[in-house]
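Tertiary structure, described
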Amino acid sequence: MTSATPQRSAYATFRPVTGTWVAGAAAVASLIVFTLVAIFATMPLEGSPALELFNRAGIAVIGVGTAAFLSRYAMIRAVPSKDGLRVVNLVHTRDLEWAEIVRLGFGGGAPWAVLELSDTEDLAVMAIQRADGQRAQGEASRLAALIEHHSRPPLASAP
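Residues numbered from 1 in each chain as written. Predicted model: local features only at pLDDT ≥ 70, side-chain atom pairs only at ≥ 80, totals over all residues. Heavy atoms only, no water.

1. A closer look at the environment of I32
Put simply, the rule is: Secondary structure elements are taken from DSSP: a helix is a run of H or I of four residues or more, a strand is a run of E of two residues or more, and numbering for both begins at the N terminus. Burial classes: relative accessible area under 20% of the type maximum marks a residue as buried, over 50% as exposed, and values in between as partly exposed (1.4 Å probe, protein chains only).
Following the sequence through the fold, I32 ends up in helix α1 (residues 18–40). The exposure class assigned to I32 is partly exposed, which follows from its relative accessible area of 47%. In the structure, I32 is positioned 35 residues away from A67 in sequence and 9.8 Å away in space, judged by C-alpha atoms.

Okay, structure coming up:
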């Protein structure tokens, strides 16, 4: 019996690992800390109870907003298909056809992989992050192989 690792599909979704865990932990910590501060902090302002409640609610909203932004990190991914690549980064999502992608760069100490596009633009692929070490190298190789595969002209069929 062998203990071979299962092969991933070439079209499996690319997702970061380390960054997602760190962002998730920071989101939970943000919720806990800001909620505790909102509940237990003494408010030095003298005024109406409504003002104190407003201040406490504001602190809680900051915590929820911070956690929401950090949880957005969990949605980062790159989804390959036969037709192209959908890159979902922290703020923007972009759909690309394979023909638009010239090459993939993942060197020079860049924090994540970068696609060089045919319109001379570069697009970060935050789903492949250097912080993931060897896993990131493997995922970059898999994406580069997909780009190479889809850049080849189709084989002519026999008459």
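Don't stop here, the text continues.
2. Observations regarding the pattern of salt bridges
Pairing between side chains of opposite charge can happen when their charged atoms approach one another. As a reminder, the rule being used: By definition, a salt bridge exists where a carboxyl oxygen of Asp or Glu is found within 4 Å of a side-chain nitrogen of Lys or Arg.
Tallied over the entire structure, the rule returns seven salt bridges. A salt bridge links E116 to R103, with the nearest nitrogen and oxygen atoms 3.2 Å apart. Highlighted residues: E116 in strand β5 (residues 112–117) and R103 in strand β4 (residues 101–105), separated in sequence by 13 residues. Judged by relative accessible area, E116 falls into the partly exposed class, the value being 32%. Linked by salt bridges that have partners in common, R94, D119 and E121 make up one network.

3. Some remarks on helix α2 (residues 49–72)
Quick reminder of the rule: Expected helix span is computed as 1.5 Å times (number of residues minus one). Any two residues whose heavy atoms approach within 4.5 Å are treated as being in contact.
Given a rise of 1.5 Å per residue, 24 residues ought to cover 34 Å, and the 35 Å separating the end C-alpha atoms of α2 matches this to within 8%. Along α2, the positions that sit buried rather than exposed are R56, G63 and A67. In this structure, the buried side of α2 is in contact with α1.

4. With respect to helix α3 (residues 134–151)
Rule in force here: The arc in question is the one traced by the directions running from the helix axis out to the C-beta atoms.
Counted at 1.5 Å a residue, the expected span for α3 with its 18 residues is 26 Å, and the 26 Å between its end C-alpha atoms agrees. All buried positions along α3 are accounted for by A136, E139, A140, R142, L143, L146 and I147. The buried residues of α3 occupy one face: seen down the axis, they fall within an arc of 160°. Structurally, α3 contributes buried residues whose contacts are with β1 (77–80), β2 (84–88), β4, β5 and β6 (122–129).

5. Side note on the side chain of E139
Inspection of the secondary structure assignment puts E139 in helix α3. Residue E139 is classed as buried on the basis of its relative accessible area of 7%. Beyond its immediate stretch of four places on either side in the chain, E139 contacts R8, F14 and I128.

6. Overview of the sheet that holds β5
The following threshold applies: One bridge is not enough; two strands pair if DSSP finds at least two bridges between them. Each axis is a line fitted through C-alpha atoms, and for a helix only the stretch in contact is used; angles between axes span 0 to 180 degrees, taken between their N-to-C directions.
Spatially, the three strands line up as an open sheet ordered β4-β5-β6, and their pairing is antiparallel. Strand pairing shows two members of the sheet lacking a second neighbour, β4 and β6, which therefore form its edges. Pairs of neighbouring strands in the sheet enclose a mean axial angle of 25°, with direction left out of account. In the packing of α3 onto the sheet, contacts are made with β4, β5 and β6, and the angle to β4 comes to roughly 165°.

7. Some details on the nonpolar core
To be explicit about the condition: Each nonpolar core is a collection of buried residues, namely Ala, Val, Leu, Ile, Met, Phe, Trp, Tyr and Cys, held together in the definition by side-chain atoms within 4.5 Å.
Ranked by internal contacts, the top residues of the largest apolar core, which has 26 residues, are L85, I101, L115, V125, I128 and L143. Mapped onto this core, the elements with two or more residues apiece are β2, β4, β5, β6 and α3. Setting aside its immediate chain neighbours within four residues, I128 contacts F14, F106, P111, W112, A113, A136, E139, A140 and L143.

8. Overview of the environment of H150
Along the chain, the position of H150 falls in helix α3. A relative accessible area of 21% places H150 in the partly exposed class. Along the chain, H150 and W98 lie 52 residues apart, while their C-alpha atoms are 6.1 Å from each other. For H150, the residues in contact, after removing those within four places along its chain, are Y11, S81, K82 and W98.

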